[in-house]
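A structural walkthrough
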Amino acid sequence: MKSETPLNGHMPQHPAPEREFAMRFTSTPRGARLARRLVSHRLNDWGHPYTTPVNETLTLITAELTTNAVRHGHVPGRDFHIQLTLAVGIFRIEVTDTLAEKRPPASPPATDSLSESGRGLLLVAALADDWGVSPRRTAPGKTVWAELYVKTVGHPLTHRVAPEPTDVDLLLATASLLRDDLGSRPEGASHGARRQ
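Structural notes, computed from the coordinates.

Conventions adopted
What you see as residue numbers is a count from 1 along each chain, following the sequence as written. The predicted nature of this model means local features are confined to residues of pLDDT at least 70 and side-chain atom pairs, given and counted, to a pLDDT of 80 or more, with totals for whole chains, interfaces and linings taken over all residues. The basis for every side-chain value is the complete set of non-hydrogen atoms in the structure, without hydrogens or water. Two strands make a pair as long as DSSP finds a minimum of two bridges between them. Counting from the N terminus, the helices are the DSSP runs of H or I reaching at least four residues and the strands are the DSSP runs of E reaching at least two. Structural elements are reduced to axes, namely lines fitted to C-alpha atoms, with helices fitted over the stretch in contact, and the angle between N-to-C directions of any two is expressed from 0 to 180 degrees. Whether two residues are in contact is decided by their heavy atoms, any of which lying within 4.5 Å being enough. We define the nonpolar core as a collection of buried residues of types Ala, Val, Leu, Ile, Met, Phe, Trp, Tyr and Cys that are connected through side-chain atoms lying within 4.5 Å of one another. Accessible area is worked out with a 1.4 Å probe on protein chains only. A residue is then buried under 20% of its type maximum, exposed over 50%, and partly exposed in between. Regarding the arc, it is the one traced by the directions from the helix axis to the C-beta atoms. A carboxyl oxygen of Asp or Glu within 4 Å of a side-chain nitrogen of Lys or Arg is what we treat as a salt bridge. Given a helix with a known number of residues, its expected span is that number minus one, times 1.5 Å. Here a Phe, Tyr or Trp ring, Trp counted by its six-membered ring, pairs with any other such ring whose centre lies within 6.5 Å, and the pair is stacked when the planes are under 30 degrees apart, edge-to-face when over 60, and tilted otherwise. Throughout this description, the term charge over a ring refers to an Arg CZ or Lys NZ atom that lies within 6 Å of the ring centre and within 35 degrees of the ring normal.

Once that is clear, we can look at the sheet that holds strand E2 (residues 79-87). Pairing is antiparallel across the open sheet formed by 5 strands, whose spatial order is E1-E2-E3-E5-E4. Since the sheet does not close on itself, it has two edges, and those belong to strand E1 (19-26) and strand E4 (130-135), each with one partner. Taking the axes of each pair of neighbouring strands and ignoring which way they run, one obtains an average angle of 15° across the sheet. For E4 and strand E5 (residues 142-149), the ladder comprises 6 bridges, and the chain directions are antiparallel. Across the sheet, valine 133 pairs through a bridge with valine 144, a residue of E5. Helix-sheet contacts for helix H1 (residues 29-45) involve E1, E2 and strand E3 (90-97), and the interaxial angle to E1 is about 165°.

Here is the structure:
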C-alpha cells in the first residue's frame, strides 16, 4: 500500500470533485459486475471512451475492489457502496463495505503461482498511482480506495460533454444491464426456478 490512513483517523483533504458518481449495490457477484459496468459507462460519459487506458484501468480496479468487498467484506443483508470522483486530474474510486474486522493487508501478499485467486490487491497496487484503506466514518466498516492520476491537455471534457443523467436514465441503464446479465445465463436456467 502506498499510503495509509493516519493513526489519528483524519483523512487528508481532497479538492472538490469536478465529477462524481456514487451508488449502493447488493453485496453479491451480480452487484459487483453491475458496479463495474456502471463505472465504465460513467467514465465513457465523462469523455473517457471504453477502450481508453483510463476507462480500462479504472474498470479493472473497480472490478477487483468490488469483488473483494463481496468476498471479504460481506455482511448478510448489507450492501456495498462505490464512489467515483474526478478532481484536478485525479480519478478516485472508493468501495465501502460494512465489515470492519477484515482489513486488507498493508502490502499485497505474495501468491502461489498455481493459485487461481489472491491477486486482486496486487493488480490494484500495480495499476493505481496510490491506494489505501480507511475506516468508515459514520458506521462500522471500511473503505478501500485507489487513485489514478491522469495527465490532461486542457479540460478532459472539452472533446465530449455528456449531459448529466437523471435518475430515470440511471434506472433505465441499470435495467438494461440487468437484462444483459440475465441473457448470459446458461440454457435452462431461469430466475426463481426451483431446485429439484
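Let us keep going from here.
Formed by 31 residues in total, the largest nonpolar core has its most connected members in Leu65, Phe80, Ile82, Leu84, Phe91 and Ala146. When contributions to this core are tallied by element, the ones reaching two or more residues are E1, H1, helix H2 (53-72), E2, E3, helix H3 (120-127), E4 and E5.

Burial in H3 covers these residues: Gly120, Leu121 and Val124. Looking down the long axis of H3, one finds its buried residues gathered within 90° of arc, a one-sided arrangement. Each element contacted by the buried residues of H3 is listed here: H2, E4 and E5.

This brings us to the pairing of E5. Side-chain direction in a regular strand flips from residue to residue, so the side chains alternate between the two faces of the sheet. With respect to burial, E5 is a largely interior element, 7 of its 8 residues being buried. Summarising the sheet, E3 and E5 pair through 8 bridges and their orientation is antiparallel. Bridge pairing links arginine 92 to glutamate 147 in E5. Between the antiparallel neighbours E4 and E5 lie 6 residues, among them glycine 141 with a positive phi of about 135°.

On to the pattern of salt bridges, then. As enumerated under the stated definition, the model contains 4 salt bridges in all. The partner of aspartate 79 in a salt bridge is arginine 24, and the shortest N-O contact between them spans 3.6 Å. With aspartate 79 in strand E2 and arginine 24 in strand E1, the pair connects residues that are 55 residues apart, well separated along the chain. Using a relative accessible area of 32% as the deciding quantity, one classes aspartate 79 as partly exposed. Across the pair lysine 142 and aspartate 97 runs a salt bridge whose closest N-O atoms are separated by 2.8 Å. In this pair, lysine 142 sits in strand E5 while aspartate 97 sits in strand E3, placing the two residues 45 residues apart along the sequence. One salt-bridge network, held together by shared partners, links Arg92, Glu94 and Glu147.

Turning our eyes to something else, we now look at H1. The terminal C-alpha atoms of H1, which comprises 17 residues, lie 25 Å apart, in line with the 24 Å expected from a rise of 1.5 Å per residue. Of the positions making up H1, those classed as buried are Gly31, Ala32, Leu34, Ala35, Leu38, Val39, Ser40, Arg42, Leu43 and Asn44. One or two positions beyond H1, positive phi appears at glycine 47, with a value near 100°.

What the rule picks out here adds up to 2 aromatic pairs. Relative to phenylalanine 80, the ring of phenylalanine 25 lies with its centre 5.7 Å away and its plane at 25°, an arrangement referred to as stacked. Of the two residues, phenylalanine 25 sits in strand E1 while phenylalanine 80 sits in strand E2, which places them 55 residues apart along the sequence. Here phenylalanine 80 falls in the buried class, since its relative accessible area comes to 1%. Ring geometry for tryptophan 46 against phenylalanine 91: centres 6.5 Å apart, planes inclined by 15°, an arrangement best described as stacked. Highlighted residues: tryptophan 46 in the loop between H1 and H2 and phenylalanine 91 in strand E3, separated in sequence by 45 residues. Above the plane of the ring of tryptophan 145 lies arginine 92, whose end atom (NZ or CZ) is 4.2 Å from the centre.

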